[in-house]
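Residue-level listing of the chains:
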Amino acid sequence: MSSETRLIQVRQHVLKQNDVAARALRRRFQDAGVYVVSLVSSPGTGKTAFLEKLLDLLRARHRVAAVVGDLATDNDARRLARAQVPIRQITTGMACHLEAEMVRNALEGWRLEDLDFLFIENVGNLVCPSTYDLGEELRLVLLSVTEGEDKPLKYPPIFNSSDMAVITKIDLADAVEFDRAAARRSIESVRPGMDVVEVSAKTGQGMDYWPSFFEERLAQFRKGRAATASKAGIPDHV
Amino acid sequence: MHELSIALSLLDLVAEEAERQGADRVLEIHLKLGPLSGVVKEALLGSFELARENTPFAETQLVIEDVPVRVLCPTCRTTRTVVSIQELCCEECGTPTPDVVSGRDLEVVALEVQ
């Protein structure tokens, strides 16, 4: 029995299990042709209000559904149910973020082929969700005008892991003396080139941007998928 | 604060790898950690101490190598470090770029075992 000390090479991502689950989800979403968008922000930024409006805008012409994460309650799911689209709640209990496996379990029984858009509302938290891939195609990070313009500088990883920023509660901008330019500078600093959209779920300002934006994204996504399918038979690594 | 669950995932991975390699003891875990991983080094070290208690890894040390954020600078046309994670600009020429090539790392690179 040798007790010699030796060094073994490993090279494995610590969250390998989540990554494997997220990749499998992404493949399922691609196969089904459903465009998946996740929403991250601090608690109280207005993810649910924004999502409620989005679902309402999209449901007339598209098949939409949402899964929402919350530590303890199903309040958000009940609010969203008013939009009359399929909603599932993920109660994370102790976990401060969603993981790919939780999303997979929440989707059980849904036919993804029957959907155009699926939204995933993460738990309100600007730290932990940045580490976990959920298989989404687009990650939106939300920031409200009441939070302070330097928030992106305080939480670079979440802004960096996101694809687009949404500034919410823009109707309150003047009341709280929100400095738009400073907020945009902070976002640009941590994620150069990131698109920023200003919205108010309450007044509807900026909301008309989204239906055509998502429709365009969906069309691109399905086109890309068709291109991949026509290359079927060619191994992945080529 | 998700470092405890990260530390538990880390120990699962290490246990699996140690068994596969037929190692009796794991002396050190070498981990690469980037500031854009969303994992805080000090919190992870603290959580690791908690997570290893009453496990076969109670004596195992976690050695963290900090990986700097590097980007592909479109002006210098090469990989460069950035000013800071708050300012994703090439440290040499100041060009801002989102093109991160390293710094999201959260990877076990090696184990020192017996």
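Residues numbered from 1 in each chain as written. Chains lettered and ligands numbered in written order. Predicted model: local features only at pLDDT ≥ 70, side-chain atom pairs only at ≥ 80, totals over all residues.

S.K.: I would appreciate a short explanation of the confidence of the model for chain B in the present structure.
M.R.: Low pLDDT means the predicted coordinates in that region are not meant to be read closely. A residue-level look at chain B finds 99% of positions with pLDDT of 70 or above and a mean pLDDT of 95. Confidence estimates for the predicted assembly give a pTM of 0.92 and an ipTM of 0.90. (pLDDT = per-residue confidence, 0-100.)

S.K.: What is the right way to look at unusual backbone geometry in this model?
M.R.: In most cases, non-glycine residues show a negative phi, while peptide bonds are predominantly trans. All names here are of chain A. Residues other than glycine seldom take positive phi values, yet Gln84 does so here, at roughly 55°. Locating Gln84 in the fold gives a position in the loop between helix H3 (75-80) and strand S4 (87-91). A residue is classified by how many C-beta atoms lie within 10 Å of it, and Gln84, with 10 of them, is exposed. Not every positive phi belongs to a glycine, and Glu177 is a case in point at roughly 50°. (Helix = DSSP H or I, 4+ residues; strand = E, 2+ residues; numbered from the N terminus. Buried ≥ 20, exposed ≤ 12 C-beta atoms within 10 Å, placed from the backbone.)

S.K.: How should I be thinking about the interface of chain B and chain A in this particular structure?
M.R.: You'll often see interface size given as the accessible area lost when the parts meet. Taken together, the contacts link 29 residues of chain B with 31 residues of chain A. Of all the elements in the fold, those that place two or more residues in the side of chain B that touches chain A are helix H1 (3-20), strand S5 (87-90) and strand S7 (106-113) of chain B. Per-class residue counts for the side of chain B that touches chain A are 17 nonpolar, eight polar and four charged. Pairing of strand S1 (residues 6-13) of chain A with S7(B) involves six bridges; the strand directions are antiparallel. For Arg6(A), the partnering residue across the bridge sits in S7(B) and is Val113(B). (Contact = placed C-beta atoms within 7 Å. Nonpolar A, V, L, I, M, F, W, Y, C, P; charged D, E, K, R; others polar. Pairing = 2+ DSSP bridges.)

S.K.: In this structure, what is going on with helix H1 (residues 16-32) of chain A? I would like to understand it.
M.R.: Turn by turn, an α-helix covers 3.6 residues, leaving residues three or four places apart pointing in a common direction. Residues and elements named next belong to chain A. Relative to the 24 Å expected for 17 residues at 1.5 Å per residue, H1 spans 24 Å between its end C-alpha atoms, a close match to the ideal helical length. Burial in H1 covers these residues: Asn18, Ala21, Ala22, Leu25 and Phe29. For H1, the angular spread of buried residues about the axis comes to 100°, placing them on one side. (Expected span 1.5 Å × (residues − 1). Arc of directions from axis to C-beta.)

S.K.: Would you take a moment to explain the environment of Asp133(A) for this structure?
M.R.: Among the structural elements, Asp133(A) can be located in the loop between strand S5 (117-121) and strand S6 (138-144). Aside from chain neighbours lying at most four places away, what touches Asp133(A) is Asn18(A), Asp19(A), Ala22(A) and Ala100(A).

S.K.: Before we go on, may I ask you to explain the packing of H1(B) against helix H2 (residues 41-52) of chain B in this structure?
M.R.: For any two helices packed against each other, the geometry comes down to the angle between their axes and how far apart the axes lie. Residues and elements named next belong to chain B. Running from N to C, H1 and H2 cross one another at 55°; their axes reach a closest spacing of 8 Å. Relative to H2, the element H1 lies oblique. Crossing of H1 against H2: the hand is right-handed. Contacts from Glu3, Leu4, Ile6, Ala7, Leu8 and Leu11 in H1 reach Ala43, Leu44, Ser47, Phe48, Leu50, Ala51 and Arg52 in H2. Residue composition of the contact of H1 with H2, by class: ten nonpolar, one polar and two charged. (Axes fitted to C-alpha atoms, helices over the stretch in contact; angles between N-to-C directions. Parallel < 35°, antiparallel > 145°, perpendicular 65-115°, else oblique. Left-handed = near helix turned anticlockwise from the far one by under 90°.)

S.K.: Is there a simple way to think about the sheet that holds strand S6 (residues 100-102) of chain B in this case?
M.R.: What holds strands together in a sheet is hydrogen bonding between their backbones, with the strands either parallel or antiparallel. All names here are of chain B. With respect to topology, four strands assemble into an open sheet ordered S5-S4-S3-S6, the strand pairing being antiparallel. In this open sheet, the two edge strands, each paired with only one partner strand, are S5 and S6. Neighbour to neighbour, the strand axes of the sheet diverge by 45° on average, direction disregarded. Bridging between strand S4 (residues 78-84) and S5 involves two bridges; their strand directions are antiparallel. Each residue of the ladder has a partner; that of Val82, found in S5, is Cys90.

S.K.: For this particular structure, what's the right way to read helix H2 (residues 47-58) of chain A?
M.R.: When the terminal C-alpha atoms of H2(A) are compared, their 16 Å separation across twelve residues agrees well with the 16 Å that a helix rising 1.5 Å per residue should span. Among all positions in H2(A), only Lys47(A), Thr48(A), Phe50(A), Leu51(A), Lys53(A), Leu54(A), Leu55(A) and Leu58(A) are buried.

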